[in-house]
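What follows is the residue order along each chain.
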Amino acid sequence: MKTIILMRHSIPSKDNLSEEGILLAEKVKILIHEKYQNVYSSPIARAYKTAQIFSSNVQIIPDLKEREIGIAEEDFWLKQYQNYNYKNQDGESLNETKLRVRRAIDLILKQMPEDSCSLVVSHATAICAYLSNYCIVNVIDASNKTREVIFGDKEIFIDNLYYTSYFVLKFIGTDLVDITYHCN
């Protein structure tokens, strides 16, 4: 079995992490330290800077980046979950994001030895889009960006996807067989 720890980046501050974000990531590192052998990240600074707290050897994978928003002329957050094909001009739909992030994580899984674990740092919408490959993702409260994630008959998560919160995904091959959520 292979394990992916799929984490949202820590608290950003412009093109870096805030002091609070650095402290939060360092706290989480203590909790999960030595459970992972490799660290992968989105190329976007807030994710990459978070990943660097967990390892000095971070592998950047461009397809782990956040959903490409494009030109947003309206509040589209709920709309994207009501229609996974919805996208702004010059943007990307959740379905496109879902497939892009799945390609990236499948590539990571193929490179991983059996019984190993990798940490993957990405972004809230990219993570939820990826999870929709295997789970039902429902919006509970759009104004607070509260989502529900259901895997099989098991409710995994009802909340916001907080900074440095993460899902532990267990795979056989590229088939997800178990998932848990951890909030710090």
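Note that the structure is a prediction, hence the values are computed from the model and not measured.

**Student:** Any details on the layout of surface pockets? Residues and values, ideally.
**Tutor:** A volume near 430 Å³ is recorded for the largest pocket. What lines the largest pocket is a set of 22 residues, among which Glu66, Trp77, Ala124, Thr125 and Lys145 lie closest to the centre. Elements that contribute at least two residues to the lining of the largest pocket include exactly helix H3 (77-82) and helix H5 (124-131). Among the residues making up the lining of the largest pocket, the classes are represented as eight nonpolar, six polar and eight charged.

**Student:** Describe a nonpolar patch on the surface, and please don't skip the residues or the numbers.
**Tutor:** Taken together, the side chains of Met1, Ile172 and Val177 make up a nonpolar region of the molecular surface, amounting to roughly 250 Å² of accessible area. Looking at the secondary structure, you find Ile172 in strand E10 (residues 166-172). With relative accessibility at 51%, the residue Ile172 sits in the exposed group.

**Student:** Requested: an account of unusual backbone geometry, with residues and values cited.
**Tutor:** Of note in the backbone geometry, Asp90 takes a positive phi value of approximately 65° without being a glycine. Residue position: Asp90 is located in the loop between H3 and helix H4 (94-111). Given a relative accessible area of 58%, Asp90 falls into the exposed group. Look at Lys145: it is not a glycine, yet its phi comes out positive at around 55°. The residue Lys145 is located in the loop between strand E7 (136-141) and strand E8 (146-151) in this model.

**Student:** Any chance you could break down helix H1 (residues 19-32) for me, citing the residues and the numbers?
**Tutor:** For H1, which comprises 14 residues, the first-to-last C-alpha distance of 20 Å matches the rise-based estimate of 20 Å (1.5 Å per residue) to within 8%. On the buried face of H1, the contacting elements are strand E1 (2-8), helix H2 (45-54), strand E6 (117-122) and E10. Downstream of H1 by one or two residues, Glu34 has phi in the positive range, about 70°.

**Student:** Kindly report on the sheet that holds E6, identifying the contributing residues and their values.
**Tutor:** Spatially, the six strands line up as an open sheet ordered E5-E4-E6-E1-E10-E11, and their pairing is mixed. The open sheet has two edge strands, strand E5 (58-60) and strand E11 (175-182), and neither has a second partner. On average, adjacent strands in this sheet sit at an angle of 25° to one another, irrespective of strand direction. Looking at chain direction, E1 and E6 are connected through six bridges and run parallel.

**Student:** An account of the pairing of strand E9 (residues 154-159) is requested, with residue identities and associated values reported.
**Tutor:** By the bridge criterion, five bridges tie E8 to E9 in an arrangement that is antiparallel. Paired with Arg147 across the two strands is Asp159, which belongs to E9. Taken together, E8 and the strand that follows it, E9, pair antiparallel across an intervening segment of two residues, in which Gly152 is found at a positive phi of about 60°.

**Student:** Give me the packing of aromatic side chains: which residues, what numbers.
**Tutor:** Under the criterion given, the structure shown has eight aromatic pairs. With 5.0 Å between their ring centres and 50° between their planes, Trp77 and Tyr81 make a pair best called tilted. Of this pair, Trp77 and Tyr81 both sit in helix H3, four residues apart, which is roughly one turn of that helix. Both residues of the pair, Trp77 and Tyr81, belong to the buried class.

**Student:** Describe the pattern of salt bridges, naming the residues involved and giving the relevant values.
**Tutor:** Two side chains that carry opposite charge are able to pair once their charged atoms sit near each other. Scanning the entire structure with this criterion turns up seven salt bridges. Salt-bridge contacts for Lys65 lead to Glu68; the nearest nitrogen and oxygen are separated by 3.2 Å. Glu96 is the salt-bridge partner of Lys87, the closest N and O atoms lying 3.0 Å from each other.

Calculation rules
- Residues numbered from 1 in each chain as written.
- Predicted model: local features only at pLDDT ≥ 70, side-chain atom pairs only at ≥ 80, totals over all residues.
- Heavy atoms only, no water.
- 1 Å grid on protein atoms, 1.4 Å probe; cavity = no way out; pocket = protein on both sides within 12 Å on 5 of 7 lines; lining within 4 Å.
- Points joined across faces, edges and corners; volume = space filled by probe spheres on them.
- Helix = DSSP H or I, 4+ residues; strand = E, 2+ residues; numbered from the N terminus.
- Nonpolar A, V, L, I, M, F, W, Y, C, P; charged D, E, K, R; others polar.
- Patch = residues over 30% accessible without salt bridge, like charges linked within 9 Å, V, L, I, M, F, W, Y side chains within 5 Å.
- Areas by Shrake-Rupley, 256 points an atom, 1.4 Å probe, with all protein chains shown as cover.
- Salt bridge = Lys/Arg side-chain N within 4 Å of Asp/Glu carboxyl O.
- Buried < 20%, exposed > 50% of the residue type's maximum accessible area, 1.4 Å probe, protein only.
- Expected span 1.5 Å × (residues − 1).
- Contact = heavy atoms within 4.5 Å.
- Pairing = 2+ DSSP bridges.
- Axes fitted to C-alpha atoms, helices over the stretch in contact; angles between N-to-C directions.
- Phe/Tyr/Trp six-rings, centres within 6.5 Å; stacked < 30°, edge-to-face > 60°.

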